[in-house]
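Listed below are the residues making up each chain.
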Amino acid sequence: MRKYELLKDDTKMIGSHVLYRVRYLRDFAEIKSGDIGGYIEHEDNLSHDGNAYVSSDARVYDDARVYDDARVFGDAQVFGDARVLGNALVFGNAQVSGNARVLGNAWVFGNAQVSGNAWVYDDYVWEENQ
């Protein structure tokens, strides 16, 4: 069962990428049916299974994936071939890119940047303040 739809009339451009705002179609986790979420480029970016969601002004694009019970929110960006999964949280102004993985119960937030082939996992918390 689909848990969201893309709003074709609510978009953001990041370089050559057109991102679409998400509207949730059913209740799950903290999300209620009708809630407006963040932005994704295509449905492969956010799984319809599990309790994963993208909210606020967060952006997920390229071949990045958010799934399981992971959450991306605030002004966070996930892009490239990055993966956010498990119960992981990416929020604030954080960026996860390249082939990076954020998984388990890990948190990446603030102005943190996780990139390349880096993995942040288990109960790790990564915050970079400026």
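Residues numbered from 1 in each chain as written. Predicted model: local features only at pLDDT ≥ 70, side-chain atom pairs only at ≥ 80, totals over all residues. Heavy atoms only, no water.

**Student:** Account for the pattern of salt bridges, naming residues and giving values.
**Tutor:** Applying the stated rule across the entire model yields five salt bridges. The residue glutamate 5 makes a salt bridge to arginine 23 at a minimum N-O spacing of 2.7 Å. With glutamate 5 in strand E1 (residues 4–14) and arginine 23 in strand E2 (residues 17–24), this residue pair connects regions lying 18 residues apart in the sequence. Given the relative accessible area of 25%, glutamate 5 is considered partly exposed. One salt bridge connects aspartate 57 with arginine 21, and the closest N-O pair in it is separated by 3.5 Å. Of the two residues, aspartate 57 is situated in the loop between strand E4 (53–54) and strand E5 (59–60) and arginine 21 in strand E2; the sequence distance between them amounts to 36 residues. When its relative accessible area of 29% is taken as the criterion, aspartate 57 is described as partly exposed. Where salt bridges share partners, they join Asp10, Arg21 and Asp57 into one cluster. (Salt bridge = Lys/Arg side-chain N within 4 Å of Asp/Glu carboxyl O. Helix = DSSP H or I, 4+ residues; strand = E, 2+ residues; numbered from the N terminus. Buried < 20%, exposed > 50% of the residue type's maximum accessible area, 1.4 Å probe, protein only.)

**Student:** Can you lay out the sheet that holds E1 for me, pointing to particular residues and giving the numbers?
**Tutor:** Ordered in space as E1-E2-E3-E5-E8-E11-E14, the seven strands form an open sheet in which the pairing is mixed. The open sheet has two edge strands, E1 and strand E14 (113–114), and neither has a second partner. Pairing of E1 with E2 involves eight bridges; the strand directions are antiparallel. Residue pairing in the sheet places lysine 12 in a bridge with leucine 19 of E2. (Pairing = 2+ DSSP bridges.)

**Student:** Break down the environment of tryptophan 107 for me, citing the residues and quoting the values.
**Tutor:** The topology assignment puts tryptophan 107 in strand E13 (residues 107–110). Judged by its relative accessible area of 38%, tryptophan 107 falls in the partly exposed class. For the pair formed by tryptophan 107 and leucine 6, sequence separation is 101 residues and the distance between their alpha carbons is 26 Å.

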